[in-house]
Amino acid sequence: REATPCAGRDTDMSDMEIPLFPLNTVLFPDGVLPLKIFEPRYLDMIGRCLRESRGFGVVSIRDGGETGTLTSVQQVGTMARIDDWFQLEDGLLGIKAVGEGRFLVESVRRQSDGLNVGAVKFIEAETAMAVPDRFRTLVVLLENVMSEMAEQFGTMEKHFEDASWVSCRLAEVLPLSQDQRQICLEVSDPVQRFEIIAPILESLRE
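What counts, and where the lines are drawn
- Residues numbered from 1 in each chain as written.
- Predicted model: local features only at pLDDT ≥ 70, side-chain atom pairs only at ≥ 80, totals over all residues.
- Heavy atoms only, no water.
- pLDDT = per-residue confidence, 0-100.
- Contact = heavy atoms within 4.5 Å.
- Phe/Tyr/Trp six-rings, centres within 6.5 Å; stacked < 30°, edge-to-face > 60°.
- Helix = DSSP H or I, 4+ residues; strand = E, 2+ residues; numbered from the N terminus.
- Buried < 20%, exposed > 50% of the residue type's maximum accessible area, 1.4 Å probe, protein only.

(A) Layout of the confidence of the model for the protein. Put simply, the protein has an average pLDDT of 89, and 90% of its residues get 70 or more. Taken as a whole, residues 1–13 scores under 50 in pLDDT and shows 33 contacts with residues more than four places along the chain or in a different chain.

(B) Focus on the packing of aromatic side chains. Across all of its chains, the model carries five aromatic pairs by this definition. Both rings, one in Phe-21 and one in Tyr-42, keep their centres 4.0 Å apart while their planes meet at 5 degrees; by these two values the pair is stacked. Taken as a pair, Phe-21 in strand β1 (residues 16–23) and Tyr-42 in helix α1 (residues 40–52) lie far apart in primary sequence, 21 residues in all. Residues Phe-21 and Tyr-42 agree in their burial class; the two are buried. Residues Phe-135 and Phe-194 carry aromatic rings whose centres are separated by 4.9 Å and whose planes lie at 20 degrees to one another, so their mutual orientation is stacked. With Phe-135 in the loop between β7 (116–122) and α2 (136–148) and Phe-194 in helix α6 (residues 190–205), this pair connects stretches of sequence that are 59 residues apart. You'll find Phe-135 and Phe-194 in the same group, each marked buried. One aromatic cluster in this structure is built from Phe-21, Tyr-42 and Phe-56.

In structure tokens form, the structure reads like this:
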């Protein structure tokens with residue numbers, strides 16, 4: 001079932017408080033994130049998001065686990081829009097979330113139900129630009145990877161001409177560490193993101 005779109009990367013850039021979903025992963029703008037929801041605090045959160053047509057913030061865990069008490073999260077995260085929801089074979093709730101705008105976490109508080117809520121400031125979206133010629137081989141690499149992973153990326157709208165989109169997708173699909181992905185997320189210049197990814201790719205080829 002499709003959910004009603006919520007506020008995304010073109011939302012008011014002023015401070016606001018949002019529910020946070022800390023994960024051992026990094027969500028990028030336009031990235032797709034499948035989730036299995038089973039903790040009561042997150043079931044309630046997803047229910048509210050669906051009813052109120054709003055999103056939630058995905059932040060990478062710096063210290064602690066996905067369940068139980070959270071110690072700390074990274075300072076930059078990504079707003080997630082619920083694109084679809086469904087019941088899984090095991091009876092649990094499954095959702096497909098899509099990354100939208102990035103935000104800076106200014107403070108985090110824990111509600112009585114265990115849900116983490118963050119005061120955040122949204123980061124301005126990256127300016128659209130073409131992929132520099134010296135990184136065109138990375139575009140070809142991404143095209144090949146996404147073609148091989150058609151089941152995962154078949155329905156995704158592709159923007160191989162856009163440097164921000166290409167660099168974010170590369171950071172997702174290449175075997176980067178969680179810390180390396182976080183660094184790529186925090187960068188606001190697509191060229192700088194390419195310059196981070198390129199040597200990592202070279203080291204993987206050695």
